[in-house]
Amino acid sequence: MDCSELPKPAGKARQVNENQCQMCMPLGGVIAFKGIENAMVISHGSQGCSTYMRLANVEHFNEPVDIASSSLNEKQTIYGGEANLKKAIDNVLRVYNPKVIGVLTTCLSETMGEDLDRIVATYIQERQIEDVDIVPVPTPSYSGSHTEGFWAATRGIIAHFAKPTEKHTRINLIIPHISPADIRGIKRILGLMDVEYTLVPDYSLTLDRPYGGRYQKIPPGGTKTEEITRMPGAPLTIQFGLTCPDALSPGRFLEEQFGVPLINLPLPMGIEATDQFVETLQGLTSGTVPDQLTLERGWLLDAMADSHKYNAVGRPVIYGEPEIVYALVRTVTANGAPPVVIASGTKNSKLAGLLVPVLAEVDDKPILLEETDFAAIEEAAAGAGVNVAVGHSGGKFLTESRGIPVVRVGFPIHDRTGGQRILSVGYAGTLAFLDRFTNTLLEAKYASYRAQAKEKMMIREGC
Ligand code: SF4
């Protein structure tokens, strides 16, 4: 089998995007920089770009998410935005006193042809900056979604800080764009397995802060840059990034530039993928699996046995970022509800191929939509008899127009509270997801079964 065997939707190619299924590229870059200690970000573009990115992040994380802007307008669009960007960096240094400044381009600055590397290098020379790292990352939104922005910024950060260093025993762990609760879930497993690590980017605290009284312009937390500098001395890199394009892959960069072996794993969601992660860690420590993880694995298996009879009626549509979509497809398929529609706003060269072995035993092959929007997803869902959706808040359109309930996971969650606290990884996170998925199907069933039974009876009696 090859990826061409996954069905594509019939009909004409769409020319417009109606209720998009992805967000913009620099937005993903912002999230990566928020996972670095003492970092601040500047969006090199118009005010509107940073306002949109702030709003999307604040609605999801329910935290203040500061993003500075070089505030380009008509004049700079014609004559260049160098002076504005330099002024923006001056202001950020004065107001935030950061140790790291990420500068992300936007559609506008890229279309203008701004030479970001040159502007930043000139600025550093002119102002004689020595104790602040300024990291430019090109993120034109017309060449990728927030997923690519996240990977590009993570790779850019590592490429900036990583230096040849002595060998040590701390492993590198690179995550895709997951929730702060998921980051904490992964760190918990690493802690239980007694593994030392450098996790990049770690926004588990910066974008999900405990109540602490006074507002802090740059919240505590994030990966320390000194640790990133030492990543080339690590024994290996684990990257949860099977769908990550090689050109953007931080783990691939460390392998190619510094010879750090890369183990690319699926996001540890579901029994199989979590086993893979735990076994990889076990191989490093030669230790036993802690009782707590064995118990959690057992509870998950028990929950799978309990819920499979309900899940058999599930006809899900799974949508969102490729790495999360891949993890979700594996999880629902292993739990008796293979998806009938799979969709992503991102076009990913790897997703279709990765899905083929996962769906090999599935008779009713799902439709795969990439670079898609919710108008196309709704059309495919209606044709395939979808009865449950799994993904971010964009799926609310499916509920509004088709009555399809949404199990919320991913980014953004802007119509519910607690998006940052949704845990889906590890045995415990998978169990939490599975309960939510099964209960959503049960809720739909119990909301309509009396009416359906009555309807059937009336048909039988010829009323
Ligand atoms: S103009 Fe481009 S970079 Fe700015 S918000 Fe829109 S998609 Fe994002």
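Given the structure is predicted, the values throughout are model-derived calculations rather than measurements.

Caption draft 1: Representation of the environment of Ile178 in the model. Mapped onto the fold, Ile178 is located in the loop between strand S5 (171-174) and helix H8 (180-192). Considered as a pair, Ile178 and Ser204 are 26 residues apart in the sequence and their alpha carbons are 9.6 Å apart. Excluding anything up to four places from it in sequence, Ile178 contacts Ile183, Ile186, Tyr203 and Leu267.

Caption draft 2: Fine view of the nonpolar core. Ile186 and Phe277 are the most contacted members of the largest nonpolar core, which has 93 residues in total. Contacts of Phe277, omitting those with residues within four sequence positions, involve Leu173, Ile186, Ile189, Leu190, Ile238, Phe240, Leu265 and Pro268. By size, the runner-up hydrophobic cluster in this structure holds 18 residues, among which are Met40, Ile42, Val92 and Val103.

Caption draft 3: Inspection of the packing of H8 against helix H11 (residues 271-285) at higher detail. Relative to each other, H8 and H11 sit at 35 degrees, their axes nearing to 10 Å. The handedness of the crossing between H8 and H11 comes out as right-handed. The segment H8 lies against H11, with Ile186, Ile189 and Leu190 engaging Phe277, Val278 and Leu281. Taken together, the residues that form the contact of H8 with H11 break down as 6 nonpolar, no polar and no charged.

Caption draft 4: Quick look at unusual backbone geometry. Val200 connects to Pro201 through a cis peptide bond whose omega is -10 degrees. Within the secondary structure, Pro201 sits in the loop between strand S6 (197-200) and helix H9 (225-229). The residue after Phe411, namely Pro412, is reached through a cis peptide bond having omega 0 degrees. Within the element layout of this structure, Pro412 appears in the loop between strand S13 (406-408) and helix H17 (426-460). Phi at Asn38 takes a positive value of approximately 60 degrees, unusual for a residue other than glycine. Tracing the backbone through its elements, the reader meets Asn38 in the loop between helix H1 (25-33) and strand S1 (39-44). Residue classification places Asn38 among the partly exposed positions, given a relative accessible area of 29%.

About the thresholds
- Residues numbered from 1 in each chain as written.
- Predicted model: local features only at pLDDT ≥ 70, side-chain atom pairs only at ≥ 80, totals over all residues.
- Heavy atoms only, no water.
- Helix = DSSP H or I, 4+ residues; strand = E, 2+ residues; numbered from the N terminus.
- Contact = heavy atoms within 4.5 Å.
- Core = buried A, V, L, I, M, F, W, Y, C linked by side-chain atoms within 4.5 Å.
- Buried < 20%, exposed > 50% of the residue type's maximum accessible area, 1.4 Å probe, protein only.
- Axes fitted to C-alpha atoms, helices over the stretch in contact; angles between N-to-C directions.
- Left-handed = near helix turned anticlockwise from the far one by under 90°.
- Nonpolar A, V, L, I, M, F, W, Y, C, P; charged D, E, K, R; others polar.

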